[in-house]
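Residue-level structural notes
What follows is each chain in one-letter form.
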Amino acid sequence: MNPTLLFLLTAAGLFGIGLYGLLAYRHPLRQVLAANVMANGVFLVFIALARRGLANPDPVPHAMVLTGIVIAVSTTAFALAIIKQLHRTSGSPDPASAPPPSAAVDS
Amino acid sequence: MIDWSSWLFDGLLAVGLLLLAWLTVISADLFRAILFFIAFGLFMALCWARLAAPDVALAEAAIGAGISGALLLDAYRVLSAPTLAAAPALSRLPGLLALLLGGVTGALSWVFWRLPPPVLALDELVQARLADSGVSNPVTAVLLNFRGYDTLLEAAVLLLPLVGVWIINRQTPAPLESIPVGVTDSPLVDTLVHLVTPLAVLSGAYLLWAGAHQPGGAFQAGSVLAGAGALLLLSDRLRPTATPQALLILGLILGLVIFCGLALGVMADGSPLLRYPPAHAGLLILVIETALTISIALTLLLLVSGAAGLRWGRRW
């Protein structure tokens, strides 16, 4: 057991918790949170492996995670925009409870 | 001799991360779940610092604590309907899902346990060529020079979610006054904005400049500046508009345009795409990073505002 392995096991735990949240809950805002937890688990794998057995940490995974964090927040913003839009048009953030488009036109 | 204090710190960090992630996922109250997630982001920043990744830690602190929190709380406010209070657990097969959680985590742990030692040390390659890159911070050298192609494409990818938000909002325009007016009357808010905004701009500029030789760079600087912009938005100094301004669009694509221009420009004297002449690499990287900072800050700020454009607000 070494610190790298400890953080790798933590990353596995984060990924599992995020996956559980993504599948166990229907509310889309919860799913966005859970997907972000999963993403952080993946980032943690990169950064933990970057330090493995090296005097200086490997900067290549650092650069990947850095861009990954910025992309993750912008995709989160996009997902939240879709959820808010769904809520505005159907009154519920749950896609399953939204009426089909044709029904919405009829009523 | 085992270093107990460092093991204790790492252990607490790992337990804290897992606990906060679990609370984020299972909290019955969605508002609490979001707050747990913001705390989780700060723990992640601590974790990056602990794992000798200060560049990542800076970006996470600005984005995880600032931008993500603002985005999620805004979504929560818009959705604040009875649907949010509904019981969270909706799965018909919680046992099966828990088994899946355990199985995935166990399988990943086993893989990590049995991971072979690294065969390729990219670190040595980076260190060997660092002198040619024009900067002395290895992460900036990788981002803007050695793997410049990735970053160039990423600058384009970053615009896609924004275009997506614009398309969505065009179909059913969101109410523009989505920031509650009235909370900005307090003199405390004015003082805070007047104190924090110049400091945030200064920090952003410093992070951009420092990125050449120590942790920092366009992504961290852009995130901090977007955070400052979000503060202006919340305190009614900036207001969302339904259509983007020409100057704003120019700022959004500035990073991509300048990056592309210089990437192609170096081909004029026969070198391949994106291979900067070592003598001018430092200057070229600074120019690209400055343009990228502006574009990243504006993109993130517009995503936080949820609108197509921005104009100055009334309170100045």
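All values reported here derive from a predicted model rather than from experimental measurement.

Comments concerning the overall build of chain A
- Within chain A one finds four helices and zero strands.
- Traced from its N-terminal end to its C-terminal end, chain A shows the element sequence α-α-α-α.
- When each of the 107 residues of chain A is scored for burial, the buried share is 58%.
- Within chain A, contacts between residues at least 6 apart in sequence are counted, and of these 50% link residues at least 24 apart.
- Carbon together with sulfur atoms contributes 66% to the accessible area of chain A, which is approximately 3900 Å² in total.

Topic: the domain arrangement of chain B
Residue and element names in this part refer to chain B.
- If you check the domain split of chain B, you get domain 1 (1-118) and domain 2 (137-316).
- Across the contact, 10 residues belong to domain 1 and 15 residues belong to domain 2.
- For domain 1, the biggest contributors to the area lost against domain 2 are Asp 55, Leu 58 and Ile 67; these three give 48% of the whole.
- Taken together, the residues of the side of domain 1 that touches domain 2 sort by class into eight nonpolar, no polar and two charged.

Observations concerning helix H2 (residues 30-50) of chain B
- In this model H2 of chain B runs 30 Å from its N-terminal to its C-terminal C-alpha over 21 residues, within 8% of the 30 Å that 1.5 Å per residue would give.
- By the burial criterion, the buried members of H2 of chain B are Leu 30, Ala 33, Ile 34, Phe 36, Phe 37, Ile 38, Phe 40, Gly 41, Met 44, Ala 45, Cys 47 and Trp 48 of chain B.
- Residues of H2 of chain B that are buried in the fold lie against helix H1 (3-24), helix H2 (28-50) and helix H3 (59-90) of chain A together with helix H1 (4-26) and helix H3 (54-78) of chain B.
- At the N-terminal end of H2 of chain B, a side-chain oxygen is found 3.1 Å from the backbone nitrogen of Phe 31 of chain B, two or three residues along, and the residue is Asp 29 of chain B.
- Ala 52 of chain B, located one to two residues past H2 of chain B, shows a positive phi value of around 60°.

Some thoughts on the packing of H1 of chain A against helix H4 (residues 94-113) of chain B
- Running from amino to carboxyl end, H1 of chain A crosses H4 of chain B at an angle of 155°, the nearest separation of the two axes being 9 Å. It follows that H1 of chain A is roughly antiparallel to H4 of chain B by the angle criterion. Between H1 of chain A and H4 of chain B the crossing geometry is right-handed. Residues Leu 5, Leu 8, Leu 9, Ala 12, Gly 13, Phe 15, Gly 16, Ile 17, Leu 19, Tyr 20, Leu 23 and Ala 24 of chain A of H1 of chain A touch H4 of chain B, and the partners they reach there are Pro 94, Leu 97, Ala 98, Leu 100, Leu 101, Val 104, Thr 105, Leu 108, Ser 109, Phe 112 and Trp 113 of chain B.
- Its residues placed into classes, the contact of H1 of chain A with H4 of chain B shows 19 nonpolar, four polar and no charged.

Brief notes about the nonpolar core
- In this structure, Leu 44 of chain A together with Phe 40, Trp 48 and Tyr 276 of chain B are the most contacted members of the largest nonpolar core, which totals 105 residues.
- Among the domains, domain 1 (1-118) and domain 2 (137-316) of chain B are the pair contributing at least three residues each to this core.
- Every residue in contact with Leu 44 of chain A, bar those within four places of it in the chain, is listed here: Phe 7, Thr 10, Ala 11 and Leu 14 of chain A together with Leu 17, Met 44, Cys 47, Trp 48 and Leu 51 of chain B.

Concerning the pairing of strand S1 (residues 238-241) of chain B
Residue and element names in this part refer to chain B.
- What you see with S1 is no split at all: Leu 238 and Pro 240 on one side and Arg 239 and Thr 241 on the other are buried throughout.
- Strand direction decides the pairing type here: S1 and strand S2 (residues 309-312), joined by four bridges, are antiparallel. Looking at the pairing, Arg 239 lines up with Arg 311 of S2.

Overview of the side chain of Thr 241 of chain B
- Locating Thr 241 of chain B in the fold gives a position in strand S1.
- At a separation of 3.3 Å, a polar atom in the side chain of Thr 241 of chain B contacts the side chain of Gln 245 of chain B.

Observations regarding the interface of chain B and chain A
- With 89 residues of chain B at the interface, the matching set in chain A holds 68 residues.
- Across the chain B to chain A interface the summed buried area is about 7000 Å²; carbon plus sulfur atoms make up 81%.
- For chain B, the biggest contributors to the area lost against chain A are Val 25, Leu 51 and Phe 112 of chain B; these three give 10% of the whole.
- Connecting chain B to chain A are one salt bridge.
- A salt bridge links Asp 74 of chain B to Lys 84 of chain A; the nearest nitrogen and oxygen atoms lie 2.7 Å apart.
- Here chain B and chain A share five residue pairs in polar contact (both at pLDDT 80 or more) between them.
- Its residues placed into classes, the side of chain B that touches chain A shows 67 nonpolar, 14 polar and eight charged.

A look at the packing of helix H8 (residues 159-171) of chain B against helix H12 (residues 281-305) of chain B
Residues and elements named next belong to chain B.
- Close contact between H8 and H12 brings their axes to 10 Å; oriented N to C, the two are set at 30°. With respect to H12, the element H8 is oriented roughly parallel. As H8 runs across H12, the sense of the crossing is left-handed. Residues Leu 159, Pro 161, Leu 162, Val 165 and Trp 166 of H8 pack against Thr 299, Leu 302 and Leu 303 of H12.
- Its residues assigned to classes, the contact of H8 with H12 comprises seven nonpolar, one polar and no charged.

Digging into a nonpolar patch on the surface
Residues and elements named next belong to chain B.
- A cluster of nonpolar side chains, contributed by Tyr 149, Leu 153, Leu 264, Met 267 and Leu 273, occupies part of the molecular surface with about 480 Å² of accessible area.
- Checked against the element boundaries, Leu 273 lands in the loop between helix H11 (246-265) and H12.
- Owing to a relative accessible area of 38%, Leu 273 belongs among the partly exposed residues under this scheme.

How each quantity is defined
- Throughout, residues of each chain are indexed from 1 in the direction in which the sequence is written.
- In the order they appear in the text, chains get letters beginning with A and ligands get numbers beginning with 1.
- In keeping with the predicted nature of the model, local features appear solely for residues at pLDDT of at least 70, side-chain atom pairs appear and are counted solely at 80 or more, and the whole-chain, interface and lining totals rest on all residues.
- Each side-chain value is derived from all of the structure's non-hydrogen atoms; neither hydrogens nor water enter the calculation.
- By definition, any uninterrupted DSSP run of H or I lasting at least four residues is a helix, any uninterrupted run of E lasting at least two residues is a strand, and each is numbered from the N terminus.
- Under the scheme applied here, a residue whose accessible area is under 20% of the maximum for its type counts as buried, over 50% as exposed, and between as partly exposed, the area being computed with a 1.4 Å probe on protein chains only.
- Note on contacts: a residue pair is in contact if any heavy atoms of the two residues lie within 4.5 Å.
- Exposure was quantified through the Shrake-Rupley algorithm and a 1.4 Å probe, taking into account, for residues, occlusion by the shown protein chains and nothing else.
- Residue ranges for the domains trace back to a domain assignment, done automatically or taken from a database.
- By definition, the buried area sums, over both parts, the 1.4 Å-probe accessible area that each loses when the two are put together.
- Three classes are used: nonpolar for Ala, Val, Leu, Ile, Met, Phe, Trp, Tyr, Cys and Pro, charged for Asp, Glu, Lys and Arg, and polar for all others, with Gly counted as polar.
- Helix span, expected: 1.5 Å multiplied by one less than the number of residues in the helix.
- Whenever a nitrogen or oxygen atom comes within 3.5 Å of another N or O atom, the pair is scored as a polar contact, on the condition that within protein one atom can donate a hydrogen and the other can accept it, and that pairs from neighbouring residues in sequence are kept only if both atoms are in side chains.
- Only the contacting stretch of a helix is used when fitting its axis, a line to C-alpha atoms as for every element, and angles between N-to-C directions run 0 to 180 degrees.
- What sets the label is the angle itself: under 35 degrees gives roughly parallel, over 145 gives roughly antiparallel, 65 to 115 gives roughly perpendicular, and the rest give oblique.
- Crossing handedness: left-handed means the near helix sits turned counterclockwise from the far one by under a right angle, and right-handed means the same turn made clockwise.
- Buried Ala, Val, Leu, Ile, Met, Phe, Trp, Tyr and Cys residues form a nonpolar core when they are joined through side-chain atoms within 4.5 Å.
- Think of it this way: DSSP has to see at least two bridges between two strands before they count as a pair.
- By definition here, a salt bridge exists when the distance from a side-chain nitrogen of Lys or Arg to a carboxyl oxygen of Asp or Glu is within 4 Å.
- Patches here are clusters of residues that have more than 30% relative accessible area and form no salt bridge, with a 9 Å joining cutoff for like charges and a 5 Å cutoff for nonpolar side chains (Val, Leu, Ile, Met, Phe, Trp, Tyr).

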